[in-house]
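Next come the chains, spelled out residue by residue.
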Amino acid sequence: MLLREIIESYDPDTPLAEASTIPSSWYTDNRVFQLEQETVFSRSWQIAARVDQLNRPGDYVTTEIAGEPIVVVRGSDGELRGFFNVCRHHAAAVMTDAEGHAAQMRCPYHGWTYSLEGELKGTPDFSGVCDFDRANSGLVPIGIGTWEKWVFLKLEGDHLNESNADLDEFLGIDLIDQFQKLHLGDLHWVESRRYTLNCNWKVFVDNYLDGGYHVPHLHKGLDSVLNYSNYSIENGEHFCLQSSPMAEGDDDGVNAVRTGKRALYYWLYPNFMMNWYEGMLDTNLVRPLAVDRTEVIFEIWTSASQCSAACDRAPIRPDGFQ
Ligand code: FES
């Protein structure tokens, strides 16, 4: 079957009552996976780092988006920038640690060096080379923006135009307003955990977006603190909010870390989840590694009072599989 036929075999405009899930080949065909990398993940804003990882000039984080190596760095001028982490000499990765602090970016292969602003500065033993366009041989920049606690990058497009205004448009004023009321600035990052799953990335997203359908059956603990009969779903242009009132309960176990009047489960297209309870946030970043392999990065944030009250008594268990 041609790739076009596979894609066109699904009609997204079918009325809801008659709708079906997407074809199984969308989860298993490597051509679909490659197409998603070139479209879904290259053309959307993607989480690259936490802002708190990049507080000082020289702080950097490396990652991969849509299969492309990336470095995010705070420049000497205090500006955050994103670059393809690919040396302009022979395409080695310039920065090889997951994160760190550096005065300049130095390629480990032949020692070319780049400033924190991405300009090519040092080229050992290269003085005899004629017509070398040094000014145009810096690291290739990528569109970058920040929102709340996260640094976002966008691979495709003119990096000068892909800025915070474009990110804000992608997020939408409704989502931005909703998050302003959550006061995430009061929360502190606690820890990250990484899991590799032998499944297509959309399996994780499907599970997250099933409207809490599986919660009463698979997650008894979570179910005990939610008032599932009043579970609600709201769709924005690029996000979905699943929300539930919290049930009355004791203050031990899961209730010790899941408190407040409502639980808010935000999904941001295509692969980021933000699970908010009063005084606590956990996030899930779903990273496709292959058509049948996915990495999910859990990050946990709490308020100082929530952590001192609950963290010592009950370990916070991230629950992306709601
Ligand atoms: S590949 Fe980076 S200096 Fe040669």
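Residues numbered from 1 in each chain as written. Predicted model: local features only at pLDDT ≥ 70, side-chain atom pairs only at ≥ 80, totals over all residues.

1. Describing the pairing of strand β16 (residues 280-290)
Every regular strand shows the same layout, with side chains that alternate between the two sheet faces.
Consideration 1: Of all eleven residues that make up β16, nine are buried, and the element is covered over most of its length.
Consideration 2: As defined by bridge partners, strand β15 (residues 272-277) adjoins β16 across six bridges and the pair is classed as antiparallel. Bridged to Met273 within β16 is Asn284.
Consideration 3: The sheet contact formed by β16 and strand β17 (residues 293-303) spans ten bridges and is antiparallel. Note that in β17 the partner of Pro288 across the bridge is Thr294.
Consideration 4: Hairpin connection of β16 to β17: two residues between the antiparallel strands. (Buried ≥ 20, exposed ≤ 12 C-beta atoms within 10 Å, placed from the backbone. Helix = DSSP H or I, 4+ residues; strand = E, 2+ residues; numbered from the N terminus. Pairing = 2+ DSSP bridges.)

2. With respect to the nonpolar core
Consideration 1: Counting residues in each nonpolar core, the largest one holds 63 residues, and the members touching the most others are Ala48, Val72 and Phe152.
Consideration 2: Residue assignment places this core across two domains, with domain 2 (46-171) and domain 3 (184-311) each supplying three or more.
Consideration 3: What Val72 contacts, discounting residues up to four positions off in sequence, is Ala48, Ala49, Leu54, Tyr60, Val61, Leu80, Gly82 and Val151. (Core = buried A, V, L, I, M, F, W, Y, C linked by C-beta atoms within 7 Å. Domains from an automatic or database assignment. Contact = placed C-beta atoms within 7 Å.)

3. What about the pairing of strand β4 (residues 80-84)?
Consideration 1: The element β4 is extensively covered by neighbouring structure, given that four of its five residues are classed as buried.
Consideration 2: In this sheet, β4 lies alongside strand β3 (residues 68-74) in antiparallel orientation, the contact comprising five bridges. Bridge pairing in β4 links Val71 to Phe83.
Consideration 3: Counting the residues in the hairpin turn of β3 and β4 gives five residues, including Gly78, whose phi is positive at 85°.
Consideration 4: Of the strand pairs in this sheet, β4 and strand β9 (residues 141-147) are connected by two bridges, and their pairing is antiparallel. Residue pairing for β9: Phe83 is matched across the bridge by Pro141.

4. Some details on unusual backbone geometry
Consideration 1: Between Tyr269 and the following residue, Pro270, the backbone shows a cis peptide bond with an omega angle of -5°.
Consideration 2: Structurally, Pro270 can be placed in the loop between β14 (262-268) and β15.
Consideration 3: The phi torsion at Ala91 lies on the positive side, around 65°, for a residue other than glycine.
Consideration 4: Here Ala91 shows up in the loop between β4 and β5 (99-101).
Consideration 5: Owing to 12 C-beta atoms within 10 Å, Ala91 belongs among the exposed residues under this scheme.
Consideration 6: The backbone of Asp131 sits at a positive phi, close to 55°, despite the residue not being glycine.
Consideration 7: Inspection of the secondary structure puts Asp131 in the loop between β8 (120-122) and β9.
Consideration 8: Given 4 C-beta atoms within a 10 Å radius, Asp131 is considered exposed.

5. Re the sheet that holds strand β7 (residues 113-114)
Hydrogen bonds between backbone atoms are what pair the strands of a sheet, whose relative direction is either parallel or antiparallel.
Consideration 1: Taking strand neighbours across the sheet as the criterion, the three strands line up as β6-β7-β8 in an open arrangement whose pairing is antiparallel. Looking along the sheet, the strands with just one partner apiece sit at the ends: β6 (105-106) and β8.
Consideration 2: Sheet topology note: the β6/β7 ladder contains two bridges and is antiparallel. In the sheet register, Met105 faces β7, and the bridge partner there is Tyr114.

6. Quick notes on the environment of Leu116
Consideration 1: Looking at the element boundaries, Leu116 is found in the loop between β7 and β8.
Consideration 2: Distance from Leu116 to Gly279, taken between C-alpha atoms, is 36 Å for residues 163 residues apart in sequence.
Consideration 3: Contact partners of Leu116, with chain neighbours within four places excluded, come to Pro57, Gly58, Val73, Gly75, Ser76, Gln104 and Met105.

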